[in-house]
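As a plain string of letters, each chain reads:
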Amino acid sequence: LPARYDYPYPEMTSKKGLQVTLTEDALALGIRHAALSVNLGDFMMEYPDGGNTIFYRFEGKDYYIRRRVAEYTDGCIKPLSEAGVSVNLILLNCQSWLTQVGEDFWEKIRHPGYEEEGAMSLFDTFREEGCAYYRAFVSFLAERYTREDGMYGRITGMIVGNEVNSPWIWANVGECEMHVFAEMYTSALRIAWQCASVIWKNIRIYASLDHHWAQPQEEDPRRYYPGRDLLAAVASYASREGEIPFHIAYHPYSADPARADFWNEENVTDSLDTPYITMKNPEVLRDFLAQSPLLLEGKSRRIIFSEVGFHSDFTEAGEALQKEALVRAYEIAKEIPEIDAFIYYSHKDNADEGGLNLGLWRRKQDSDERDGK
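The structure presented is a predicted model; accordingly, all values stated were derived computationally and were not measured.

### Re the pairing of strand β5 (residues 61–66)
Strand direction decides the pairing type here: strand β3 (residues 44–45) and β5, joined by two bridges, are antiparallel. Looking at β5, one finds that M45 is bridged to Y64. Where strand β4 (residues 53–58) meets β5, six bridges bridge the pair, whose relative direction is antiparallel. Across the sheet, residue Y56 finds its bridge partner in β5, namely Y63. Between the antiparallel neighbours β4 and β5 lie two residues, among them E59 with a positive phi of about 50°.

Rendered as structure tokens:
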């Protein structure tokens, strides 16, 4: 069947982007790209909740959408897209994000192998009910946010999960061999593309990877994988049952995220065997994707840096170094044609970020309260 909409993918005039928290401030900065997180368990409910319910009919069944969350998300997306910003949604599956998902419903939508040490679960593509919820979630987002009239705001892409080469934390399925996980994640990508592209033909679907490239975050091969190897495996699986046109959402943090001067990193090289891909060597990712097995219809897959940030302390010198890192990194990204977006994280410092202060806005030392630009 032809897609409902076939308007073209937008051409952007800038790569400047931000994971937006403060909309007016973001627009004042002149961003042209944004990334926003959306969680399955926030949007969907097992049972209707009176006036807080949007009834969504999908594949012959009614699903229940939490109206307050949908309208909150409208309010995040619409001002950005109406200002010409390309918005990508990061699709998450965790028990506690905007709301706390009840145990009974969580058991139905999480991956059946999920273990509680994980911050997030991979989407359930195994069990019929869990997979149906995932498909309905993607389809609802596509129907609401790719309308040609932009009634609720418009998105241009979806990022499936977060940093999935470190799945024990961010896409938990229990302990698992890499090739098995790669097949499961490829299924999640395929489902997202199938459900979204039948609504808007030109939507882009992205795989999410962290900066650990030829070596994993930890030496535990059933919990953490090298991004390079997982990406190659996913591309292989993706081509077996009809090519999935997925692209790459990469997080090129410094090898030590607490270190802003990425240009001085000694353990980051220009080799395809480099342990990390950071803003010192993004050409490695470009060159890897230019290899024949990774090409998509003879062309390189597109790249967005959907999360990259630099730490500062509470000193003038620390903030000066953070500023220099941001400028250097953005100038590097501008010079690589295959990179479409440089999306900075974070908009403001977060006291729960493991000691990192990545924000464009400084927080107070003893709280999350903003203290200045």
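### A short note on the pattern of salt bridges
For the structure shown, the criterion picks out 27 salt bridges. What you see here is one network of salt bridges that share partners, running through E175, E177, D220, R222 and R223.

### Observations regarding the environment of T73
Relative to the helices and strands, T73 resides in helix α3 (residues 67–82). Here the alpha-carbon distance between T73 and F43, two residues 30 residues apart in the chain, equals 9.6 Å. The residues touching T73, leaving out its near neighbours within four places in the chain, are V38, F43 and Y145. For T73, the side chain forms a polar contact with the main-chain oxygen of V69, separated by 2.8 Å.

### Quick look at the confidence of the model for the protein
In this model, the protein carries an average pLDDT of 97, and 100% of its residues clear a pLDDT of 70 or more. When pLDDT is averaged over each element of the protein, strand β7 (residues 157–160) comes out on top at 99 and strand β13 (residues 370–372) at the bottom at 95.

### A closer look at empty space enclosed by the protein
In this approach, a probe sized like a water molecule rolls over the atoms, and the result shows the empty space that is left. Inspection of every chain in the model, using the stated rule, returns two cavities of 30 Å³ or more. Split by residue class, the lining of the largest cavity holds nine nonpolar, four polar and no charged. If you go around the second largest cavity, the residues you meet are V164, Y185, A207, L209, L230, L231 and V234. Only β8 (204–209) and α8 (227–238) provide two or more residues apiece to the lining of the second largest cavity. Among the elements that make up the lining of the second largest cavity, the one with the highest residue count is α8 (three residues). For the lining of the second largest cavity, the residue count by class is seven nonpolar, no polar and no charged.

### A closer look at the sheet that holds β4
One open sheet holds the three strands; their spatial order is β3-β5-β4, and the pairing between them is antiparallel. This sheet does not close on itself; its edge strands, each paired only once, are β3 and β4. Those strands touched by α3 are β4 and β5, and its axis lies near 65° from that of β5. Along the sheet, helix α5 (residues 128–145) contacts β3, β4 and β5; its crossing angle with β4, the most-contacted strand, is approximately 105°.

Criteria and thresholds
- Residues numbered from 1 in each chain as written.
- Predicted model: local features only at pLDDT ≥ 70, side-chain atom pairs only at ≥ 80, totals over all residues.
- Heavy atoms only, no water.
- Pairing = 2+ DSSP bridges.
- Helix = DSSP H or I, 4+ residues; strand = E, 2+ residues; numbered from the N terminus.
- Salt bridge = Lys/Arg side-chain N within 4 Å of Asp/Glu carboxyl O.
- Contact = heavy atoms within 4.5 Å.
- Polar contact = N/O pair within 3.5 Å; in protein donor to acceptor, adjacent residues only side chain to side chain.
- pLDDT = per-residue confidence, 0-100.
- 1 Å grid on protein atoms, 1.4 Å probe; cavity = no way out; pocket = protein on both sides within 12 Å on 5 of 7 lines; lining within 4 Å.
- Points joined across faces, edges and corners; volume = space filled by probe spheres on them.
- Nonpolar A, V, L, I, M, F, W, Y, C, P; charged D, E, K, R; others polar.
- Axes fitted to C-alpha atoms, helices over the stretch in contact; angles between N-to-C directions.

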